[in-house]
Amino acid sequence: MIPNEMSSVESQQEQSSQSDPSPSPNSCSSFELLDMDAGSLYEPVSPHWFYCKIIDSKETWIPFNSQDSQQLEEAYSSGKDCNTIVPTDGGRYDVHLGERMRYAVYWDELASEVRRCTWFYKGDKDNKYVPYSESFREPLQIDHLVFVVHGIGPACDLRFRSIVQCVNDFRSVSLNLLQTHFKKAQENQQIGRVEFLPVNWHSPLHSTGVDVDLQRITLPSINRLRHFTNDTILDVFFYNSPTYCQTIVDTVASEMNRIYILFLQRNPDFKGSVSIAGHSLGSLILFDILTNQKDSLGDTDSKKDLPSIFMDQGDTPTLEEELRKLQLSEFFSIFEKEKIDKEALALCTDKDLQEMGIPLGPRKKILNYFRTRKNSMGVNRPTPQSPAGANMSNIPKESEFYSSTNGLDVGIGQVPVKYPRLIYKPEIFFAFGSPIGMFLTVRGLKRIDPNYRFPTCKGFFNIYHPFDPVAYRIEPMVVPGAEFEPMLIPHHKGRKRMHLELREGLTRMSMDLKNNLLGSLRMAWKSFTRAPYPALQASETAEETEAEPESNSEKPSDVNTEENPVPVKEEAPPIHVGMLNGGQRIDYVLQEKPIESFNEYLFALQSHLCYW
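As the structure is a computational prediction, the values presented were derived from the model and not from experiment.

**Student:** So what's going on with the environment of aspartate 169? Which residues, and what values?
**Tutor:** Examined against the element boundaries, aspartate 169 turns out to sit in helix α4 (residues 163-181). With relative accessibility at 25%, the residue aspartate 169 sits in the partly exposed group. As for aspartate 169 and phenylalanine 196, which are separated by 27 residues in sequence, their C-alpha atoms are 9.9 Å apart. In this structure, aspartate 169 is in contact with Arg159, Arg161 and Trp612, ignoring residues within four places of it in sequence. One polar contact links aspartate 169 to arginine 161, side chain to side chain, over a distance of 2.8 Å.

Here you go:
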């Protein structure tokens, strides 16, 4: 779902006289701009008017030109739109605002529907964005907040889109499901929506100057492949390095804390819960952060107690003092002129500092220091239970790094870094295409204690595509001795995909044929191996006739023995997979598309990037 800036894009698509190339139909230029500099380009959503035209038996929504749309908006804003008629298209069409219909003036033509549009969507089979009805709206009430952490590299899908753009898609899917599955509850304002906010750690990591160091030692051959490796695959190795692992966990935790505070400031009436989601390596980062939390927040994650956790920093050094430590005090006047404090400086990019006239060397020092060190929330601050003025030691205790609750040392093999505290308790942790199971095994953890649970998080769902080469299961580490399939996620239309149903039907049919064939073969084998009868006397004939009913009574019992095992399997006791997800199942598998089932190797890479 996108705001109405797409109306200008649609106008360019419809008016072929304008030869400017239009953007991809799957993205919006406004999102790309927002991704680069969200603060300076924020504008309130302004409506645009559209009319519906039937072309080749299909509805096509066409925007009015800017002048007509402005006239319609002015008439609508006047509050007298019930009986207002607005001429459009040079007076050739009249729009009856009260009816929301457009009529031809000089000839006979079917009337067309008119909409005042602010939000648009694009279905799987649509090639253009379609406006929502006026009765539909991005509900104002937010019931749940989800932070989404990306995996390796700056791009999150095959279209090389950023985490911001992919999360926009994620949010759009969520809103579409609200409209299709919970329409009545939404119209009655019984439910709100889920807000998804991206968390980016790749940019701060690669702004530390490590890219310059890598470039000096990178060979000149196969330049594009080496650049892709440095920018993407090496993130896995960075996370296993104590220096850069500290930068990554600090960035992720501080960003989630910062965005949470900012969200509460902009949504003071928010009373919902918070969850976190991670894709690929991002899920491992969140797993390590969660396993190293302390269940000491109590009720301090409420908004009234947030200042004591997050904002009350005591006598912290000023920006001028921090710059003096870095021997960069000559740049303080520049920041003072731009009215930039420490919090604003932590949000600045390399490009921002460059535009201020700060050289490359000082820029790297400032970005590395303020974004990844001093902005790591909760690392060097006293907990609510600590005495005033208490300071955490530079070498924390092992218990601050690792959690060994209920006999499970989930910190085994972890990089020895300080794990920051989150200022809230996540409700659910969602892992998409996650290598958590593989990393735990490589670190030397053979089994997860069934009684173990995250110190501050109630639930954990490991969701993956069946062909994802990076994804691994979790449940076999909790219950090593049992073999069972993961939970199949239902299709959003409430059924299995057709090819999966067909596959299961064929499997059941083959099992039935096999059971019937085995029963027939057993009966034939008994008849062949039975001893031949001698010539029967009259007295023996009576005994044979009495024996025949017994043998006949055995036949249905043989058949029953072949048919009984099927319901017995269905009555198997429920699977207990420990308390990591509150006693519920953990591993959930998506349903592959029919085309993907033809060649799983061909769609392996795509399956790892399909979760958006």
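**Student:** Before we move on, can you summarise the side chain of threonine 291 with the specific residues and values?
**Tutor:** Its location among the elements puts threonine 291 in helix α10 (residues 281-291). Judged by relative accessible area, threonine 291 falls into the buried class, the value being 0%. Within the structure, the side chain of threonine 291 is placed 2.9 Å from the backbone oxygen of aspartate 288, a separation counted as a polar contact. For threonine 291, the side chain forms a polar contact with the side chain of asparagine 292, separated by 3.3 Å.

**Student:** Can you tell me about the packing of helix α9 (residues 242-266) against α10, naming the residues and giving the values?
**Tutor:** In a packed pair of helices, the relevant descriptors are the angle between the two axes and the axis-to-axis distance. For the pair α9 and α10, the least separation of the axes is 10 Å and the interaxial angle reads 80°. Judged by the angle between their axes, α9 and α10 are roughly perpendicular. Residue-level contacts link Ile248, Val249, Val252, Ala253 and Met256 of α9 to Ile285, Leu286 and Ile289 of α10. Among the residues forming the contact of α9 with α10, the class breakdown is 8 nonpolar, no polar and no charged.

**Student:** Tell me about the pattern of salt bridges, and please be specific about residues and values.
**Tutor:** Evaluated as defined, the whole model comprises 18 salt bridges. Residues arginine 161 and aspartate 157 are paired through a salt bridge, measuring 2.8 Å at the closest nitrogen-oxygen approach. Overall, the relative accessible area of 10% leaves aspartate 157 in the buried class. One salt bridge in this structure joins aspartate 169 and arginine 159, with 3.8 Å as the shortest N-O distance. Of the two residues, aspartate 169 is situated in helix α4 and arginine 159 in the loop between β10 (142-149) and α4; the sequence distance between them amounts to 10 residues. Looking at arginine 159, the relative accessible area reads 41%, which means it is partly exposed. One network of salt bridges, with partners in common, ties together Asp157, Arg159, Arg161 and Asp169.

**Student:** For the nonpolar core, give the residues involved together with the corresponding values.
**Tutor:** Looking at soluble globular proteins, one finds that nonpolar side chains tend to be buried together. Ranked by internal contacts, the top residues of the largest apolar core, which has 59 residues, are Phe147, Met256 and Phe429. The element that contributes the greatest number of residues to this core is α9, accounting for 11 residues.

**Student:** Talk me through the packing of aromatic side chains; I want residue IDs and the actual numbers.
**Tutor:** Following the criterion strictly, the structure yields 20 aromatic pairs and no others. Ring centres 6.1 Å apart and planes at 65° place the aromatic pair phenylalanine 429 and phenylalanine 454 in the edge-to-face group. Linking phenylalanine 429 in strand β13 (residues 428-432) with phenylalanine 454 in the loop between α18 (436-442) and β14 (459-464), this pair joins segments that are 25 residues apart in sequence. Take phenylalanine 454: its relative accessible area is 2%, and that puts it in the buried class. An aromatic cluster is built from Phe170, Phe196, Phe432, Tyr611 and Trp612, whose rings are joined through pairwise contacts. Over the aromatic face of tyrosine 51 sits the side chain of arginine 102, whose NZ or CZ is 3.9 Å from the ring centroid. Looking at arginine 102, its charged tip hangs above the ring of tyrosine 93, at a distance of 3.5 Å from the centre.

**Student:** Hey, could you go over unusual backbone geometry for me, with residue numbers and the actual values?
**Tutor:** The phi angle at serine 57 is positive, at roughly 65°, despite the residue not being glycine. For serine 57, the position within the fold is in the loop between β2 (48-55) and β3 (58-63). For serine 57, a relative accessible area of 74% corresponds to the exposed category. Even without being glycine, glutamine 189 reaches a positive phi, approximately 60°. Take glutamine 189: it is sitting in the loop between α5 (183-187) and β11 (193-199).

Thresholds, definitions, all that
Residues numbered from 1 in each chain as written. Predicted model: local features only at pLDDT ≥ 70, side-chain atom pairs only at ≥ 80, totals over all residues. Heavy atoms only, no water. Helix = DSSP H or I, 4+ residues; strand = E, 2+ residues; numbered from the N terminus. Buried < 20%, exposed > 50% of the residue type's maximum accessible area, 1.4 Å probe, protein only. Contact = heavy atoms within 4.5 Å. Polar contact = N/O pair within 3.5 Å; in protein donor to acceptor, adjacent residues only side chain to side chain. Axes fitted to C-alpha atoms, helices over the stretch in contact; angles between N-to-C directions. Parallel < 35°, antiparallel > 145°, perpendicular 65-115°, else oblique. Nonpolar A, V, L, I, M, F, W, Y, C, P; charged D, E, K, R; others polar. Salt bridge = Lys/Arg side-chain N within 4 Å of Asp/Glu carboxyl O. Core = buried A, V, L, I, M, F, W, Y, C linked by side-chain atoms within 4.5 Å. Phe/Tyr/Trp six-rings, centres within 6.5 Å; stacked < 30°, edge-to-face > 60°. Lys NZ or Arg CZ within 6 Å of the ring centre and 35° of its normal.

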